[in-house]
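Chains, contacts and geometry: an overview
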Amino acid sequence: MKKKLVTRRDFINPIYKDRLRVLKTSEETGGVYTLAEIDIAPGGSNTMHIHSAFEETFTAIKGTLGVRIKNKKHFLHPGGSMTVPLYTPHYFFNEGKESITCQIQFFPAHENFIKGLAIAYGLAADGMTSKKGIPKSILQLALIMQLTDTKPAGLSGVLFPVFKWLARKARKNGMEKVLLEKYYYQ
């Protein structure tokens, strides 16, 4: 009898000092959405990117969450929400001096996003990333980008087909399975 793998629900990135908690999985919502909560350290942010598989709705819980959509910055106070449509360049940030907490809903559900972050955070914890949290292995980076459906916005997005090819190579050689067993499952 095959042992059922149990997924972790709490992930910490020691480089960014972020903490991600999965509140609702795809399975728990019947595939409708995935819901996560993230604590973002002062000065924390990600880079401008695009998603093609899901919309993201950001809701500020504690502190002021910054969300840049295209060329406009928005600031969400507790209870405030904003949805980023498909194919829309965006990123989130914390310009304050205190950690902030926000929820991110992925619609439709996208469990692979959580898997990708689990791998990224785990690699960071194991010292397998640069000081900026970028995996040292280009295959691991490509796999994370593919799992999270994260395409860089702007000129660097032109390289995305190369990353898709590299992600397929990582899957074919078993890298995804090994990384998920190490960082995503308990």
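The notes below deal with the structure included here. (Residues numbered from 1 in each chain as written. Predicted model: local features only at pLDDT ≥ 70, side-chain atom pairs only at ≥ 80, totals over all residues. Heavy atoms only, no water.)

**Structural notes on the layout of surface pockets**
For clarity, the cut-off: The pocket and cavity definitions rest on a 1 Å grid over protein atoms only: a 1.4 Å probe that fits but cannot leave marks a cavity, an open set with protein on both sides within 12 Å along at least five of seven lines marks a pocket, and residues lining either have an atom within 4 Å of a point. Grid points are joined across faces, edges and corners, and a volume is the space filled by probe spheres set on the points. The way it works is that DSSP assigns letters per residue, a run of H or I at least four long becomes a helix, a run of E at least two long becomes a strand, and they are numbered from the N terminus. For this classification, Asp, Glu, Lys and Arg are treated as charged, while Ala, Val, Leu, Ile, Met, Phe, Trp, Tyr, Cys and Pro are nonpolar and the rest, including Gly, are polar.
Of the volumes computed, that of the largest pocket is approximately 1000 Å³. Considering the residues around the largest pocket, the lining is formed by 36 residues, among which Y16, N46, T47, I134 and T150 are closest to the centre. Broken down by element, the residue count for the lining of the largest pocket peaks at five residues, all from helix α1 (residues 111–125). Of the residues assigned to the lining of the largest pocket, the class counts are 21 nonpolar, eleven polar and four charged.

**Observations regarding the nonpolar core**
Basically, it comes down to this: What makes a nonpolar core is a set of buried Ala, Val, Leu, Ile, Met, Phe, Trp, Tyr and Cys residues whose side-chain atoms join them at distances within 4.5 Å. Burial classification: accessible surface area is computed with a 1.4 Å probe over protein chains only, and a residue below 20% of its type maximum counts as buried, one above 50% as exposed, and the rest as partly exposed. Contacts are assigned to residue pairs with any non-hydrogen atoms lying within 4.5 Å of each other.
F11, L20, I38, F58, L65, V67 and I114 are the most contacted members of the largest nonpolar core, which totals 45 residues. Looking at this core element by element, the count peaks at eight residues for α1. Those residues in contact with I38 that sit more than four places away from it in its chain are D18, R19, L20, F92, I100, T101, C102, I104 and Y121.

**Here we look at the pattern of salt bridges**
Applied cut-off: A pairing counts as a salt bridge when a side-chain nitrogen of Lys or Arg comes within 4 Å of a carboxyl oxygen of Asp or Glu.
The final tally for this structure, using the stated rule, is eight salt bridges. Of the charged contacts in the structure, one is a salt bridge between R19 and D10, with a shortest N-O distance of 2.5 Å. Here E37 ties to R21 by a salt bridge, and the two come within 2.8 Å at their closest N and O atoms. Here R21 lies in strand β2 (residues 18–24) and E37 lies in strand β3 (residues 34–40), a separation of 16 residues in the sequence. One network of salt bridges, in which partners are shared, links R21, E37 and D39.

**A word on the environment of A153**
Turning to its location among the elements, A153 is positioned in the loop between β11 (151–152) and α3 (160–172). Given the relative accessible area of 17%, A153 is considered buried. Setting aside anything within four residues of it in sequence, one finds A153 in contact with M48, H49, I50 and P89.

**Concerning α1**
Put simply, the test is: Multiply 1.5 Å by the residue count of a helix minus one, and that product is the helix's expected span.
Between its first and last C-alpha, α1 extends 21 Å over 15 residues, near the 21 Å set by a 1.5 Å rise per residue. In terms of burial, α1 is a largely internal element, 13 of the 15 residues being buried. Backbone geometry just after α1 places G127 at a positive phi near 70°.

**Focus on unusual backbone geometry**
Each neighbour pair has its own omega, and for F107 with P108 the value is -5°, a cis peptide bond. Looking at the secondary structure, you find P108 in the loop between β10 (100–107) and α1. In this structure, Y87 takes a positive phi of about 60° despite not being glycine. Its location among the elements puts Y87 in the loop between β8 (81–84) and β9 (90–93). Taking relative accessible area as the criterion, Y87 reaches 57% and is therefore assigned exposed.

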